[in-house]
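What the coordinates show
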Amino acid sequence: MKKQLIETAVKAREMAYAPYSHYKVGAALLAKSGKIYTGCNVENASFTPTNCAERTAFFKAISEGDREFEMIAIVAGKDGEELSKNCTPCGVCRQVMTEFCHKDFKIILGTPDDFKVLTLEEIMPHSFTATEL
Ligand code: THU
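A short tour of the structure in this document, coming up.

Rules used in this analysis
Residues numbered from 1 in each chain as written. Predicted model: local features only at pLDDT ≥ 70, side-chain atom pairs only at ≥ 80, totals over all residues. Heavy atoms only, no water. Patch = residues over 30% accessible without salt bridge, like charges linked within 9 Å, V, L, I, M, F, W, Y side chains within 5 Å. Areas by Shrake-Rupley, 256 points an atom, 1.4 Å probe, with all protein chains shown as cover. Salt bridge = Lys/Arg side-chain N within 4 Å of Asp/Glu carboxyl O. Lys, Arg positive; Asp, Glu negative; His and termini not counted. Charge placed at Lys NZ, Arg CZ, Asp CG, Glu CD. Helix = DSSP H or I, 4+ residues; strand = E, 2+ residues; numbered from the N terminus. Pairing = 2+ DSSP bridges. Axes fitted to C-alpha atoms, helices over the stretch in contact; angles between N-to-C directions. 1 Å grid on protein atoms, 1.4 Å probe; cavity = no way out; pocket = protein on both sides within 12 Å on 5 of 7 lines; lining within 4 Å. Points joined across faces, edges and corners; volume = space filled by probe spheres on them. Nonpolar A, V, L, I, M, F, W, Y, C, P; charged D, E, K, R; others polar. Near = heavy atom within 4 Å. Polar contact = N/O pair within 3.5 Å; in protein donor to acceptor, adjacent residues only side chain to side chain. Sits in = over half its atoms within 2 Å of the grid points. Phe/Tyr/Trp six-rings, centres within 6.5 Å; stacked < 30°, edge-to-face > 60°. Buried < 20%, exposed > 50% of the residue type's maximum accessible area, 1.4 Å probe, protein only.

**Some thoughts on a negative patch on the surface**
On the surface, Glu70, Asp104, Glu121 and Glu122 cluster together into a negatively charged patch. Positionally, Glu122 belongs in helix H4 (residues 120–123).

Structure representation (structure tokens):
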């Protein structure tokens, strides 16, 4: 399942719109319903509106009624180069994950043949959540 999810993320990365950074990211998010939502980064000339691949996938899922998630696979790298083994989600995406995922939510990073699995708790300790409000 993990390898299949990474391969789906690799395909999603092909759709990345990254004319400024040339850094292309793909994501594949597995919902508890069994559906997989893909995402890519979508950049903007004004930079700030840029949306990461992870949030694209989450917002697609939530807008289609899925709110519970098992894991996400993320692949990234400079256009025309090999996939990176070191790309982890940015802080904004970690916060979005925190809103919708339990601490054992899995984040799969790397390539189809060489990947690691981290939990949300590992990459987002001491997070701010709705329980504070
Ligand atoms: N990016 C992602 O899509 N996900 C990440 O986890 C890190 C960064 C995108 C945003 C921007 O389009 C490009 O990568 C360079 O920061």
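**Here's the deal with the sheet that holds strand E1 (residues 23–31)**
Ordered in space as E2-E1-E3-E4-E5, the five strands form an open sheet in which the pairing is mixed. Single-partner strands in this sheet number two, and they are strand E2 (36–40) and strand E5 (114–119). Averaged over all pairs of adjacent strands, the angle between their axes in this sheet comes to 20°, without regard to strand direction. The sheet contact formed by strand E4 (residues 106–111) and E5 spans six bridges and is antiparallel.

**A word on unusual backbone geometry**
In the Ramachandran plot, Phe47 falls in the positive-phi region, its phi being about 65° despite a non-glycine side chain. With respect to the element layout, Phe47 can be found in the loop between E2 and helix H2 (53–63). Even without glycine at this site, His126 takes up a positive phi of about 55°. Note on placement: His126 falls in the segment after H4.

**Considering the layout of surface pockets**
Estimates place the volume of the largest pocket at around 150 Å³. Looking at the largest pocket, it is lined by 13 residues, and the ones nearest its centre are Tyr23, Val25, Asn41, Cys52 and Glu54. Taken together, the elements giving at least two residues each to the lining of the largest pocket come down to E1 and H2. Here the lining of the largest pocket is built from residues that sort into seven nonpolar, four polar and two charged.

**Examining the site of the ligand**
Looking at the ligand, the residues that line it are Ser21, Tyr23, Val25, Asn41, Glu43, Thr50, Cys52, Ala53, Glu54, Thr88, Pro89 and Cys90. Side-chain polar atom of Glu54 to an oxygen atom of the ligand: 2.6 Å apart, as the coordinates give it. Protein contacts shield 79% of the accessible area of the ligand, which totals 370 Å² for the unbound molecule. The cavity that encloses the ligand is the largest pocket.

**Quick look at a nonpolar patch on the surface**
Together, Tyr17, Tyr20, Val42 and Phe47 line one region of the surface with nonpolar side chains, adding up to about 410 Å² of accessible area. In this structure, Tyr20 sits in the loop between helix H1 (2–13) and E1.

**Here we look at the packing of aromatic side chains**
Per the counting criterion, the structure on display carries three aromatic pairs. With a centroid separation of 5.9 Å and 50° between ring planes, the pair formed by Tyr20 and Phe47 is classed as tilted. Taken together, the residues Tyr20 in the loop between H1 and E1 and Phe47 in the loop between E2 and H2 connect sequence positions 27 residues apart. Of the residues examined, Tyr20 reaches a relative accessible area of 40% and is grouped as partly exposed. Plain terms: the ring middles of Phe58 and Phe69 are 5.1 Å apart, the flat faces sit at 70° to each other, and that makes the pair edge-to-face. On the criterion of sequence distance, the pair formed by Phe58 in helix H2 and Phe69 in strand E3 (residues 69–78) is long-range, its members being eleven residues apart. Phe69 carries the same exposure label as Phe58, and that label is buried. Three or more aromatic residues joined by ring pairs make a cluster, and in this case those are Phe58, Phe69 and Phe105.

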